[in-house]
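Listed below are the residues making up each chain.
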Amino acid sequence: MPAVAAVAAAGEWWRTAVIYQVYPRSFADADGDGVGDLRGVIGKLDYLHALGVDAVWLSPIYRSPQADNGYDISDYQDIDPTFGTLADFDELVAGLHDRGMRLVMDLVVNHTSDEHPWFTESRASTDSPKRDWYWWRPPRPGCRGGEPGAEPTNWHSFFSGSTWEWDAATGEYYLHLFDRKQPDLNWENPEVRQAVYAMMRWWVARGVDGFRMDVINLISKAVRADGALPDGAPVPGPSRFGDGSSFYTNGPRLEEFLQEMHREVLAHGTASGEALLTVGEMPGVTLEQARSITDPAHRELDMVFTFEHMRVDHGLSGKWQLRPLHLPDLKANLAAWQEGLAEAGWNSLYWNNHDQPRIVSRWGDDSPEHRVASAKTLGTVLHMLRGTPYVYQGEELGMTNVGWATIEDYQDVETLNFYRESVSGGASDGEVMAGIGPVSRDNARTPMQWDDGPHAGFTTGTPWLSVNPAYPQINAAAAVADPGSVLHHYRRLIQLRHDHHVVVDGRFALLLPEHEQVFAYTRTLGTQVLVVVANMSGEPADVTLPGVGAALAGELLLGTHDAAPGPDGDRLRLAPWESRVVLGAVDGPGRAG
Ligand code: TEU
């Protein structure tokens, strides 16, 4: 069996890699202005190297008015002064490469900032040479522009309100699926696509090793031959907006555009001739679509970020109304993606990012009694799956939600827009804040907690967003010093993926699908069987794992609870939030040990 290194040598380094996501605004502030920056990241490279991660994904650092914290770009080929300079960027790339690590950039090309020269030129006049670089449409027939209901379609924006902004100067609306300061690019226009590819090549030449592609499955809109865009289906309730998602999600030319991007940029690899990692963020992508998009034979992307598992606890009205996790639902979804991409394609694996609340507060238990064990066990369940794991900054420390009670504490455009729309629609502050607290993206964006000093060691200035008051107990300095910390557990999980081929390529099989407390599965490669068993509840759990008795008696590679009683055949007693990773052998042809 080829050594792991041999597989990596085959070029697809990302199959054995673990990626660390840095949200630059909140990671580390080197110049004391209260906002994280590139020199802050450079200062933490040894910390990341010691954790064992193989690459860093940087959320956007480009020049931006920061209306959506950088996901609104006004110059793709420059660094925002808040974050630093191109020289700082080059030093960061060199620092990563010197440590054998790689850099993945965030590619935000479904939309630009409304302050990008492309858009200011497009907006200048209806016959601007760049007018067709964006989506401009006249008011709905018989309606006066700027009045509610006059928008070209009834689509609801991801960030509340209409997806259309009236431009009185040129008498037309422009499309923005997110905030009005994020106008959508028109990918139907080949000039737009070529401009994007040239920009990507520019970054590749500067040493970039991959791209995380922001909402990339929204770039193809279902525009009719006459240029019209259809209304969306009405949604239940008082909203005047409809759901237009079927007209801009996984559109008719998406794979054509991705194949073109692959021919133009991705196939050529990095400046040093290695594979570029590509991961497409794809809200609303289905397993079937992901299998096609990540099938190497289709020459599109390596993996996608699905949202399906991130929505298993959403209420009827969506994310702002979370309900308790029903574990079998989560297991069923993850198992479907594990099995669905077993032959062709490849999974990304994540619990956290800069848009999701902290997982230990969401699906773990962030009380002092169980925070560490539940954070470790959530890590174990995710990292032993087949695919490329992503660790979001602070996840390795078991950082928790902040859940502020008043809207004044929040800064996230999605959260603030939702609050305003809900309250103006008649909801009470209390009702809305009850939904925002456990879900807002700002839960993920509180500054990184480096130590128990002022502002958790994030800045010597005033942080742009308040530090989570839990930092004296939860911080990197304490975690590094404590062998039993979540940090060292994550370091060991990452090491297991680097040391054991079965973690990389073993076939997944779910056990006990209906068990409400326990998440258990096997990974089988040749005669090797990895058994992963996790109690995801605050109560002890007695389980019988059919057919894996012999393997359970194998080598305990990683456990959360010292001196845990061994298995009795295929029966096991697990403490609250306990998990184990056991390496055994198949005890009979084709059957897990
Ligand atoms: O997110 C897209 C996206 O789907 C999320 O905004 C989602 O709607 C929500 O926040 C999570 O439930 C990407 C970026 O990750 C996000 O930060 C940007 O705000 C957004 O695109 C627009 O660029």
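See the structure printed just above.
Read on for a plain summary of the structure.

Criteria and cut-off values
Residues numbered from 1 in each chain as written. Predicted model: local features only at pLDDT ≥ 70, side-chain atom pairs only at ≥ 80, totals over all residues. Heavy atoms only, no water. Pairing = 2+ DSSP bridges. Helix = DSSP H or I, 4+ residues; strand = E, 2+ residues; numbered from the N terminus. Contact = heavy atoms within 4.5 Å. Axes fitted to C-alpha atoms, helices over the stretch in contact; angles between N-to-C directions. Polar contact = N/O pair within 3.5 Å; in protein donor to acceptor, adjacent residues only side chain to side chain. Phe/Tyr/Trp six-rings, centres within 6.5 Å; stacked < 30°, edge-to-face > 60°. Buried < 20%, exposed > 50% of the residue type's maximum accessible area, 1.4 Å probe, protein only. Lys NZ or Arg CZ within 6 Å of the ring centre and 35° of its normal.

### Focus: the sheet that holds strand S9 (residues 210–213)
Now for step 1: Spatial ordering of the open sheet is given by S13-S12-S9-S5-S2-S1-S17-S16, a layout of 8 strands whose pairing is parallel. Two strands bound the open sheet, and with one partner strand each, they are strand S13 (303–305) and strand S16 (348–349).
Now for step 2: Bridge analysis of strand S2 (residues 55–58) against strand S5 (residues 102–107) gives 4 bridges, and the strand direction is parallel. The residue bridging Val 56 from the neighbouring strand is Leu 103, located in S5.
Now for step 3: The sheet strands contacting helix H5 (residues 86–98) are S2 and S5, and the helix crosses S5 at an angle near 135°.

### Observations regarding the environment of Arg 123
Now for step 1: In this fold, Arg 123 is placed in helix H6 (residues 117–124).
Now for step 2: For Arg 123, the side chain forms a polar contact with the side chain of Asp 167, separated by 3.0 Å.

### Concerning the packing of aromatic side chains
Now for step 1: Under the defined criterion, the tally for this structure stands at 31 aromatic pairs.
Now for step 2: Seen in terms of ring centroids, Trp 155 and Phe 247 are 6.4 Å apart; in terms of plane orientation they differ by 10°. Their pairing is stacked. With Trp 155 in the loop between strand S6 (136–137) and strand S7 (164–167) and Phe 247 in the loop between strand S11 (242–243) and helix H8 (254–264), this residue pair connects regions lying 92 residues apart in the sequence.
Now for step 3: A relative accessible area of 0% means that Trp 155 is categorised as buried.
Now for step 4: Overall, the relative accessible area of 21% leaves Phe 247 in the partly exposed class.
Now for step 5: For the ring pair Phe 508 and Tyr 521, a centre distance of 5.2 Å and an interplane angle of 35° mean the geometry is tilted. Of this pair, Phe 508 sits in strand S18 (residues 507–511) while Tyr 521 sits in strand S19 (residues 518–525), and the two are 13 residues apart along the sequence. When sorted by exposure, Phe 508 lands in the same class as Tyr 521, which is buried.
Now for step 6: A network of ring pairs unites the aromatic residues Tyr 62, Tyr 76, Phe 89, Trp 118, Trp 133, Trp 202 and Trp 203 as a single cluster.
Now for step 7: In this structure, Arg 15 packs its charged tip against the face of Trp 346, placed 4.6 Å from the ring centre.

### Here's the deal with the sheet that holds S7
Now for step 1: Reading across the sheet, the 3 strands line up as S6-S8-S7 and stay open at both edges, with antiparallel pairing between neighbours. Of all the strands in the sheet, the pair left with one neighbour each is S6 and S7.

The quantities given are spatial measurements derived from coordinates; they are silent on function.
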